Amino acid sequence: MDRTDAKSTEVTCGTTRQHDHSYLFLLRLWTESEDPACDTVEQQQWHGKLQYVLSHNARYFHDWPTLVDLLLVMLPDLELRERIRHAGTDPEDGG
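Residues numbered from 1 in each chain as written. Predicted model: local features only at pLDDT ≥ 70, side-chain atom pairs only at ≥ 80, totals over all residues. Heavy atoms only, no water.

Novice: Pulling in residues and values, what's your account of the sheet that holds strand E3 (residues 25-33)?
Specialist: Spatially, E3-E4-E5 is the arrangement adopted by the 3 strands of the open sheet, whose pairing is antiparallel. The strands lining the two open edges of the sheet, one partner per strand, are E3 and strand E5 (57-61). Here the average twist between neighbouring strands, direction ignored, is 20 degrees. Set on the sheet, helix H1 (residues 64-74) makes contact with E3, strand E4 (44-52) and E5; between it and E5 the angle comes to about 160 degrees. (Pairing = 2+ DSSP bridges. Helix = DSSP H or I, 4+ residues; strand = E, 2+ residues; numbered from the N terminus. Axes fitted to C-alpha atoms, helices over the stretch in contact; angles between N-to-C directions. Contact = heavy atoms within 4.5 Å.)

Novice: A description of unusual backbone geometry should follow, citing residues and the corresponding values.
Specialist: With the exception of glycine, most residues fall at negative phi, and the peptide bonds are largely trans. Even without being glycine, His56 reaches a positive phi, approximately 65 degrees. Looking at His56, the relative accessible area reads 57%, which means it is exposed. (Buried < 20%, exposed > 50% of the residue type's maximum accessible area, 1.4 Å probe, protein only.)

Novice: So what's going on with the pairing of E5? Residues and values would help.
Specialist: Relative to E5, E4 runs antiparallel, the two sharing 5 bridges. Bridge pairing links Lys49 to Tyr60 in E5. Between the antiparallel neighbours E4 and E5 lie 4 residues, among them His56 with a positive phi of about 65 degrees.

Novice: Kindly report on a nonpolar patch on the surface, identifying the contributing residues and their values.
Specialist: Together, Leu27, Leu29, Trp46 and Trp64 make up a nonpolar patch on the protein surface, roughly 460 Å² of accessible area in all. Positionally, Leu29 belongs in strand E3. Judged by its relative accessible area of 38%, Leu29 falls in the partly exposed class. (Patch = residues over 30% accessible without salt bridge, like charges linked within 9 Å, V, L, I, M, F, W, Y side chains within 5 Å. Areas by Shrake-Rupley, 256 points an atom, 1.4 Å probe, with all protein chains shown as cover. Salt bridge = Lys/Arg side-chain N within 4 Å of Asp/Glu carboxyl O.)

Novice: With reference to specific residues and values, describe the packing of aromatic side chains.
Specialist: Counted under the stated rule, the structure contains 3 aromatic pairs. Ring plane angle 40 degrees and centroid distance 5.2 Å describe the contact between Phe25 and Tyr52, whose orientation is recorded as tilted. Here Tyr52 lies in strand E4 and Phe25 lies in strand E3, a separation of 27 residues in the sequence. A relative accessible area of 22% places Phe25 in the partly exposed class. We classify Tyr52 as buried; its relative accessible area is 3%. Between the NZ or CZ atom of Arg28 and the centre of the ring of Trp30, over which it lies, the distance is 4.2 Å. (Phe/Tyr/Trp six-rings, centres within 6.5 Å; stacked < 30°, edge-to-face > 60°. Lys NZ or Arg CZ within 6 Å of the ring centre and 35° of its normal.)

Novice: Any chance you could break down the nonpolar core for me, citing the residues and the numbers?
Specialist: Buried together is how nonpolar side chains tend to be arranged in soluble globular proteins. Judged by nonpolar contacts, Tyr23, Leu50, Tyr52, Phe61, Leu67, Leu70, Met74 and Leu75 together constitute the single largest core of 8 residues. Listed by contribution, the elements that provide at least two residues to this core are E4 and H1. It is H1 that provides the largest number of residues to this core, a total of 3 residues. Non-local contacts of Met74, meaning those with residues more than four positions away in its chain, are made with Phe25, Leu50, Gln51, Tyr52, Asn57 and Arg59. (Core = buried A, V, L, I, M, F, W, Y, C linked by side-chain atoms within 4.5 Å.)

Everything listed here is a matter of coordinates, which is why it stays silent on function.
Okay, here's the thing in structure tokens:
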């Protein structure tokens, strides 16, 4: 089963919304340096691992756009994927 059976509740600005399902991901972030002998902040690169907890499906990434792409692929809910894909494309906000 790709979703939890329990409903989650979100309280926002005094209103309560029920969610039919939620998705649980584990996100691990770390830095690595190309040259351990010269380990400065400028030389460190961020890396990450995104894991969908229920299926144990995991993917690795090295930049934020790839993380978003992985979420879009790994989310089992098509409607939620479409909302994320189109987030920030409102012509009024310049996105």
